Amino acid sequence: MSKKILICDDAPTALKLMEMVLADEGYEIHKAENAEQAMTLIEQKGPFDGGVYDVNMPGKNGIELTKDTLAHANGKNMKILIVSTESSDHLRQAGKDAGVKAWIVKPFEDEDLIEVLGKILV
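Quick caveat: nothing in here was measured; it's all calculated off a predicted structure.

Things to note about the packing of aromatic side chains
To describe a pair of aromatic rings, one takes the distance between the centres and the angle between the planes. If you walk through the whole model with that rule in mind, you get zero aromatic pairs. The lysine or arginine in question, Lys-4, covers the ring of Phe-48, its NZ or CZ lying 4.9 Å from the ring centre.

What follows is the structure, given as structure tokens:
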């Protein structure tokens, strides 16, 4: 059975790119454009195995979304990967404190996304 992944990014191009890369690897992909949509999907379609979240989004950011995800019954076991243009030590630490398992800086190579997600889902 394929792993269920929730991708949340407010940039349509980034969403589509990550969907194509991960779907080609056999993942079942669900997409959200903001934290509110992501939480609705977790509620209605969860549980998920993993999440790939952007940091900078309207409304709640990816770190806040990580906290909400892991606090939800359908999200408590999700492994979260942040994919963002942000790379400051401060934000990375905030992500780690929230429960983020890995961080990739945009732009990224497809292989990096596949490899890092695969490692945290083990």
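A closer look at the side chain of Thr-66
By the secondary structure assignment, Thr-66 is in helix α3 (residues 62-71). With a relative accessible area of 0%, Thr-66 lands in the buried category. Among the polar contacts listed, one links the side chain of Thr-66 to the backbone oxygen of Gly-62, at a separation of 2.8 Å. If we ignore the near neighbours within four places in the chain, the residues touching Thr-66 are Tyr-53, Ile-80, Ile-82, Ala-98, Gly-99 and Val-100.

What to know about helix α5 (residues 110-120)
Along α5, the residues classified as buried are Leu-113, Leu-117 and Ile-120. All buried residues of α5 fall inside an arc of 65° around its axis, so they share one side. Across from the buried face of α5, at angles greater than 90 degrees, the exposed residues are Glu-111 and Lys-119. Those residues of α5 hidden inside the fold are in contact with β1 (4-8), α1 (12-24), β3 (50-53), β4 (79-84) and β5 (100-105).

Looking at the UniProt feature "modified residue: 4-aspartylphosphate" (unreviewed entry) in the chain
UniProt's entry tags Asp-54 with the feature "modified residue: 4-aspartylphosphate" (unreviewed entry), counted in the numbering of this structure. Structurally, Asp-54 can be placed in the loop between β3 and α3. The residues touching Asp-54, leaving out its near neighbours within four places in the chain, are Cys-8, Asp-9, Asp-10, Asn-61, Gly-62, Val-83, Ser-84 and Lys-106.

Some words on the pattern of salt bridges
The tally for this structure, following the rule as stated, stands at six salt bridges. Between Lys-106 and Asp-54 there is a salt bridge whose closest N-O contact spans 3.7 Å. Placement of the pair is Lys-106 in the loop between β5 and α5 and Asp-54 in the loop between β3 and α3, with a sequence separation of 52 residues. With respect to class, Lys-106 is no different from Asp-54; both count as buried. Its salt-bridge partner being Glu-115, residue Lys-119 comes within 3.1 Å of it at the nearest N-O pair. Of this pair, Lys-119 and Glu-115 both sit in helix α5, separated by four residues, roughly a single helical turn. Residue Glu-115 is classed as partly exposed on the basis of its relative accessible area of 43%. Several salt bridges share partner residues, and in doing so they unite Asp-9, Asp-54 and Lys-106 into one network.

What counts as what
Residues numbered from 1 in each chain as written. Predicted model: local features only at pLDDT ≥ 70, side-chain atom pairs only at ≥ 80, totals over all residues. Heavy atoms only, no water. Phe/Tyr/Trp six-rings, centres within 6.5 Å; stacked < 30°, edge-to-face > 60°. Lys NZ or Arg CZ within 6 Å of the ring centre and 35° of its normal. Helix = DSSP H or I, 4+ residues; strand = E, 2+ residues; numbered from the N terminus. Buried < 20%, exposed > 50% of the residue type's maximum accessible area, 1.4 Å probe, protein only. Polar contact = N/O pair within 3.5 Å; in protein donor to acceptor, adjacent residues only side chain to side chain. Contact = heavy atoms within 4.5 Å. Arc of directions from axis to C-beta. UniProt positions renumbered as here; feature names shortened; annotations may be inferred. Salt bridge = Lys/Arg side-chain N within 4 Å of Asp/Glu carboxyl O.

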